[in-house]
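The chain contents come next:
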Amino acid sequence: MLLDRLYWSVSNGLSRNEGPSSPIMSNRKQVAGANSRENERMSRFNRQIFALLLAAHSVTLPTMSFAQTKDRNPTSVIGTVVRFTDGATTVDVTVGEDSPAVRDFLSMLPLTLKLEEFAGREKISYLPRKLKHIGSPGSDPEDGDLIYFVPWGNLGFYYNTAGIDYSDQTLHIGTYKASPGTLEKLADRPVTVEVLP
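Residues numbered from 1 in each chain as written. Predicted model: local features only at pLDDT ≥ 70, side-chain atom pairs only at ≥ 80, totals over all residues. Heavy atoms only, no water.

S.K.: When you look at the overall build of the protein in this model, what are you seeing that I'm missing?
M.R.: The helix and strand inventory of the protein stands at four helices and nine strands. For the protein, the succession of helices and strands along the chain, N to C, is α-α-β-β-α-β-β-β-β-β-β-α-β. Within the protein, counting contacts between residues at least 6 apart in sequence, those at least 24 apart form 64% of the total. Just so you have it, the protein exposes about 13,100 Å², and 56% of that area is on carbon and sulfur atoms. (Helix = DSSP H or I, 4+ residues; strand = E, 2+ residues; numbered from the N terminus. Contact = heavy atoms within 4.5 Å. Areas by Shrake-Rupley, 256 points an atom, 1.4 Å probe, with all protein chains shown as cover.)

S.K.: Explain the side chain of serine 125 here, please?
M.R.: Here serine 125 is to be found in strand S5 (residues 122-126). Within the local environment of serine 125, its side chain forms a polar contact with the backbone oxygen of lysine 114, the two atoms lying 3.1 Å apart. (Polar contact = N/O pair within 3.5 Å; in protein donor to acceptor, adjacent residues only side chain to side chain.)

S.K.: Just to check I follow, could you spell out the pattern of salt bridges for this structure?
M.R.: In this structure the tally under the stated criterion is six salt bridges. In this structure, aspartate 92 and arginine 83 form a salt bridge, with 2.7 Å as the shortest nitrogen-oxygen distance. Between aspartate 98 and arginine 103 there is a salt bridge, with its nearest N and O atoms 2.8 Å apart. A relative accessible area of 33% means that arginine 103 is categorised as partly exposed. (Salt bridge = Lys/Arg side-chain N within 4 Å of Asp/Glu carboxyl O. Buried < 20%, exposed > 50% of the residue type's maximum accessible area, 1.4 Å probe, protein only.)

Given below as structure tokens:
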């Protein structure tokens, strides 16, 4: 009987600690097998996620780098043309500054304004509200400049800047080509302001 039992143990490859009736060892093997399969599934899932992230990174990074190299601000508003017209007389302004004030001004368009003479130097017009100008640079205006004057909240078509110097409160919007006589035709009447397509 003893010899039969020893023969059975050796033929089944069991150690002295793993008897044929050891439920603990059997359970441990089942748990270990389950853990191994779960770890394998998680490892496969992680590899798939990593591959997706790597693919997205390889596509996006060159695009961002190209955009930054070509133009730090690909949606710059410089060059935008804004038209002031009463239907008969037209003055076009080409935006020459990309600043918070300019962008806020453009966001208000289209609108209707009224121009008036001021001090023999400019035609001015008050906006419906003051512009959000924080971070916008000042300027040293020249004849033919459209400016925004921060303290009063008005636009100004300068045509006589003699003796006027740089000011942090005078923000450059753009430039126009029109004589004082043309500006006078737009004074004291409704003027439509809009961005040209």
